[in-house]
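This is what each chain is made of:
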There are 2 protein chains.
Amino acid sequence: MKKITNTPPSLPLPTLERLSALYSVLESAATSGVARLSSRELGRLLGYPAHLVRKDISLLLKYGNSHEGPGEGHRGYAVEGLLALLSRALGLTSKRRACIVGLGRLGTALLHYSEESFPEYEVVAGFDSNTNRLELISTRIPLYPAFRIPEVVMREEIEVGILAVPPEAVETTVERLKAGGIRGLINFTSRPLPPSEGVWVRTISLRAEMRVLSALLTAGNPSQKGDIT
Amino acid sequence: MKKITNTPPSLPLPTLERLSALYSVLESAATSGVARLSSRELGRLLGYPAHLVRKDISLLLKYGNSHEGPGEGHRGYAVEGLLALLSRALGLTSKRRACIVGLGRLGTALLHYSEESFPEYEVVAGFDSNTNRLELISTRIPLYPAFRIPEVVMREEIEVGILAVPPEAVETTVERLKAGGIRGLINFTSRPLPPSEGVWVRTISLRAEMRVLSALLTAGNPSQKGDIT
């Protein structure tokens, strides 16, 4: 059996994660009409040193073969140019078709949030095993009973499944999504979900983030770090 | 002005993030009655190479001054021993007191989820600026109008604020939490939130995770990676 890894072939995963956060910051700056930002300013907004911002952007330029791309210059990086480059590198030039599985409190909140338009994804289906629940949810996104996952995922060419089911339903749900040809999962459940043959997994966990925060709080106070940029 | 950084003094942030995921996997294994796991098995469950698991655990042992700690041995690491060590390193030996601010669909879902007991945190207050909304939520967690944040956070010695407010309310909310002496924030809002003097920030964003997933999907298929462990 082949070993599975979450490491992407070109850009290291921690770099991808930081570039994704960089995208948020740049998008927010662009909305506010900011045209240029230096690595020092970006580092302050992101919460890590300027040299790491420069390193990530230099990897991004190499990856995109854009040696002529937006350099920092003495007035900083061009926000729009960097956003366009990131958009290509992160594969955001077309939206990923997604579905939400499990329409309890969290799943329903995610469904309503996803009715807004984002460059990253479009939710084209919602699923729940409780058909009574489906009737009570008011949304413009088509909803289906969970047993129809394989058929709908295949027909609608859904690439990404957003999992918000109870822990005991994870296994069956993942099998159904795989049967439909799913390629990526966002795991909102409390159960760890390893990547498997052909399927990438990203886990979103309040408890996991709380542990990281707890470690940072235990280690010390950010104001005591001094100037390290 | 001092520069702020999210890098912890001892363990690098990416290591902390992986150790937090390791905790989830070990906790799940312990619940299933699994006593030992090798770095190879842990790597498979976590989705990254075994050598990275070994590196993180070796850093953890150094950090905890536990050179006599649970080594891998030929039957793997002792699950319970490693959990205890992680629990100390991540500062989970006592629960962090937390509050949820913003009780819309997401905030209310988080509130009900947080009524369960976890080793990481205990939610001791919920806040919303809409007092009518507060009356409609049925929970055993005390709820307060948002203007009372500084007073309640101080009195209840709340360390962590979980932000689920609309983007336009972020600034005021963070000011109020800081006035109460908050030390850490979990940012569920769509607005990037830089760490500031004395306050650590962790952002949870479906869109950011969707971008990372999109980059992985663009780069290739996990089944085509071959054996790299």
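Residues numbered from 1 in each chain as written. Chains lettered and ligands numbered in written order. Predicted model: local features only at pLDDT ≥ 70, side-chain atom pairs only at ≥ 80, totals over all residues. Heavy atoms only, no water.

1. Let's talk about the packing of helix α1 (residues 13–31) of chain A against helix α9 (residues 206–219) of chain B
Now for step 1: Viewed as axis vectors pointing N to C, α1(A) and α9(B) meet at an angle of 130°, and their least axial separation amounts to 9 Å. Judged on the interaxial angle alone, α9(B) and α1(A) are oblique. Of the two possible hands of crossing, α1(A) and α9(B) adopt the one that is right-handed. Together, Leu13(A), Leu16(A), Glu17(A), Ser20(A), Tyr23(A), Ser24(A) and Glu27(A) of α1(A) and Arg207(B), Ala208(B), Arg211(B), Val212(B), Ala215(B) and Leu216(B) of α9(B) make up the contact between the two elements.
Now for step 2: Residue composition of the contact of α1(A) with α9(B), by class: 7 nonpolar, 2 polar and 4 charged. (Axes fitted to C-alpha atoms, helices over the stretch in contact; angles between N-to-C directions. Helix = DSSP H or I, 4+ residues; strand = E, 2+ residues; numbered from the N terminus. Parallel < 35°, antiparallel > 145°, perpendicular 65-115°, else oblique. Left-handed = near helix turned anticlockwise from the far one by under 90°. Contact = heavy atoms within 4.5 Å. Nonpolar A, V, L, I, M, F, W, Y, C, P; charged D, E, K, R; others polar.)

2. What to know about the nonpolar core
Now for step 1: Counting residues in hydrophobic clusters, the biggest one holds 102 residues, and the most contacted among them are Leu42(A), Ile162(A), Leu42(B) and Ile162(B).
Now for step 2: Other than its neighbours up to four places away in sequence, Ile162(B) contacts Leu206(A), Met210(A), Ala98(B), Cys99(B), Ile100(B), Val101(B), Leu110(B), Tyr121(B), Val123(B), Ile186(B) and Phe188(B). (Core = buried A, V, L, I, M, F, W, Y, C linked by side-chain atoms within 4.5 Å. Buried < 20%, exposed > 50% of the residue type's maximum accessible area, 1.4 Å probe, protein only.)

3. Details of the pattern of salt bridges
Now for step 1: Per the counting criterion, the structure on display carries 26 salt bridges over all chains.
Now for step 2: With a shortest N-O distance of 2.7 Å, Glu120(B) and Arg207(A) are connected by a salt bridge. Of this pair, Glu120(B) sits in the loop between α5 (105–114) and β4 (121–128) while Arg207(A) is found in helix α9 (residues 206–219), placing the two residues in two different chains. Assigned by exposure class, Glu120(B) and Arg207(A) land together as buried.
Now for step 3: Between Arg183(B) and Glu159(B) there is a salt bridge, with its nearest N and O atoms 2.8 Å apart. Here Arg183(B), found in the loop between α8 (170–179) and β7 (184–187), pairs with Glu159(B), found in the loop between α7 (149–155) and β6 (160–163); they are 24 residues apart in sequence, far enough to count as distant. (Salt bridge = Lys/Arg side-chain N within 4 Å of Asp/Glu carboxyl O.)

4. A short note on the environment of Arg133(B)
Residue and element names in this part refer to chain B.
Now for step 1: Mapped onto the elements of the fold, Arg133 is located in helix α6 (residues 131–136).
Now for step 2: For Arg133, a relative accessible area of 33% gives the class partly exposed.
Now for step 3: Counting along the chain gives 29 residues from Arg133 to Gly104, while the straight-line C-alpha distance between them is 8.4 Å.
Now for step 4: Excluding its chain neighbours within four sequence positions, the residues that come into contact with Arg133 are Leu103, Gly104 and Asp128.

5. Notes on the sheet that holds strand β7 (residues 184–187) of chain A
Residue and element names in this part refer to chain A.
Now for step 1: Spatially, β5-β4-β3-β6-β7-β8 is the arrangement adopted by the 6 strands of the open sheet, whose pairing is parallel. Among the strands making up the open sheet, the edge pair consists of β5 (143–145) and β8 (200–203). Direction aside, the axes of adjacent strands within the sheet are offset by 25° on average.
Now for step 2: Of the strand pairs in this sheet, strand β6 (residues 160–163) and β7 are connected by 4 bridges, and their pairing is parallel. Across the sheet, residue Val160 finds its bridge partner in β7, namely Gly184. (Pairing = 2+ DSSP bridges.)

6. Examining the sheet that holds strand β8 (residues 200–203) of chain B
Residues and elements named next belong to chain B.
Now for step 1: Spatially, the 6 strands line up as an open sheet ordered β5-β4-β3-β6-β7-β8, and their pairing is parallel. Looking at which strands have only one partner, the edges of the open sheet turn out to be β5 (143–145) and β8. Between one strand axis and the next, the sheet turns by 25° as a mean value, whatever way the strands run.
Now for step 2: As defined by bridge partners, β7 adjoins β8 across 4 bridges and the pair is classed as parallel. For Asn187, the partnering residue across the bridge sits in β8 and is Thr203.

7. A short note on the packing of aromatic side chains
All names here are of chain A.
Now for step 1: Throughout the structure, instances matching the rule amount to 6 aromatic pairs over all chains.
Now for step 2: Each ring, one from Tyr113 and one from Phe118, has its centre 4.9 Å from the other, and the planes form 35°; the classification is tilted.
Now for step 3: Judged by its relative accessible area of 28%, Tyr113 falls in the partly exposed class.
Now for step 4: Members of the aromatic cluster, joined through ring pairs, are Tyr113, Phe118 and Tyr121. (Phe/Tyr/Trp six-rings, centres within 6.5 Å; stacked < 30°, edge-to-face > 60°.)

8. With respect to the UniProt feature "DNA-binding region" (unreviewed entry) in chain A
Now for step 1: The sites that carry the UniProt feature "DNA-binding region" (unreviewed entry) are, in the present numbering, residues 21–60 of chain A.
Now for step 2: For residues 21–60 of chain A, helix accounts for 75% and strand for 5%, while the C-alpha atoms at its two ends are 14 Å apart. (UniProt positions renumbered as here; feature names shortened; annotations may be inferred.)

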